[in-house]
Amino acid sequence: MAALVDVAREIARRKLETPLPRRWSHVQAVAAKARTVSEAVPAEDRDVLVASAWLHDIGYNAELVDTGFHALDGGRWLRRERFDERIAALVAHHSCAWLEAEERGLGDVLAAEFPREETAVTDALCFSDMTTGPDGQDFEVLERLAEIRSRYGPDHLVTRFIIRAEPEMVAAVQRTERRLPGRVRQPM
Ligand SMILES: [Fe+2]
């Protein structure tokens, strides 16, 4: 299964490193964080978690843009490439994507195309994304949410999404921390 992670990392590198270097910095740090919290998921899911972390933002690559919603576009592209179906769905739904899809009028499309799992893996993926800043720095989750709101501005749909998603994102972070007794701790 280590091959799965290696393939995911190489796809992400090809799609992000040159066209989107800042996003690539973020993704490398999210993948590293997913590895550090991988004990929060069952052993058989650890490579799935880390591979999903590598791939979660590939939909930002301009060549992959379809609907304009990066999570759905990334999931669709992975499916077209016949990548692992579970990982395509994890990417499509990462970090409360269903709420952003609703803001974009794509809620039904996302739900129809990709099953949404609600497991320790989805929590740990959300943890990894939402405690990592745009340059790969470590953030406390509320700090990260504030950073996103200020980056997009008060009227942007992403800001409306983040406000709606905050309780669920904070809960996912907390559940992940509880699964890691005495390990990674974020001040709340
Ligand atoms: Fe991300």
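Check the entry above for the structure.
Bear in mind the structure is a predicted one, so any value in this text is a computation, not a measurement.

Enquirer: I'd like to hear about the side chain of histidine 26, residue by residue, with values.
Expert: Here histidine 26 shows up in helix H2 (residues 21-36). A polar contact of 3.5 Å, which involves the side chain of histidine 26, links it to the side chain of aspartate 57. Looking at histidine 26, its side chain comes within polar contact range of the side chain of aspartate 129, at 2.9 Å. The contact partners of histidine 26, leaving out residues within four places of it in the chain, are His56, Asp57, Asp129, Thr132, Gly133, Pro134, Asp135, Gly136 and Arg144.

Enquirer: Describe the packing of aromatic side chains, listing the residues and the values that go with them.
Expert: Applying the stated criterion across every chain yields a total of one aromatic pair. On the basis of an interplanar angle of 35 degrees and a centroid distance of 5.7 Å, the ring pair of tryptophan 24 and tryptophan 54 is categorised as tilted. Of this pair, tryptophan 24 sits in helix H2 while tryptophan 54 sits in helix H3 (residues 46-55), and the two are 30 residues apart along the sequence. Each member of the pair, tryptophan 24 as well as tryptophan 54, is classed as buried. Here arginine 79 stacks its cationic end above the ring of phenylalanine 114, 4.0 Å away from the centre of that ring. Taking NZ or CZ as reference, arginine 116 lies 3.7 Å from the ring centre of tryptophan 98, over its face.

Each value, and the rule that gives it
Residues numbered from 1 in each chain as written. Predicted model: local features only at pLDDT ≥ 70, side-chain atom pairs only at ≥ 80, totals over all residues. Heavy atoms only, no water. Helix = DSSP H or I, 4+ residues; strand = E, 2+ residues; numbered from the N terminus. Polar contact = N/O pair within 3.5 Å; in protein donor to acceptor, adjacent residues only side chain to side chain. Contact = heavy atoms within 4.5 Å. Phe/Tyr/Trp six-rings, centres within 6.5 Å; stacked < 30°, edge-to-face > 60°. Buried < 20%, exposed > 50% of the residue type's maximum accessible area, 1.4 Å probe, protein only. Lys NZ or Arg CZ within 6 Å of the ring centre and 35° of its normal.

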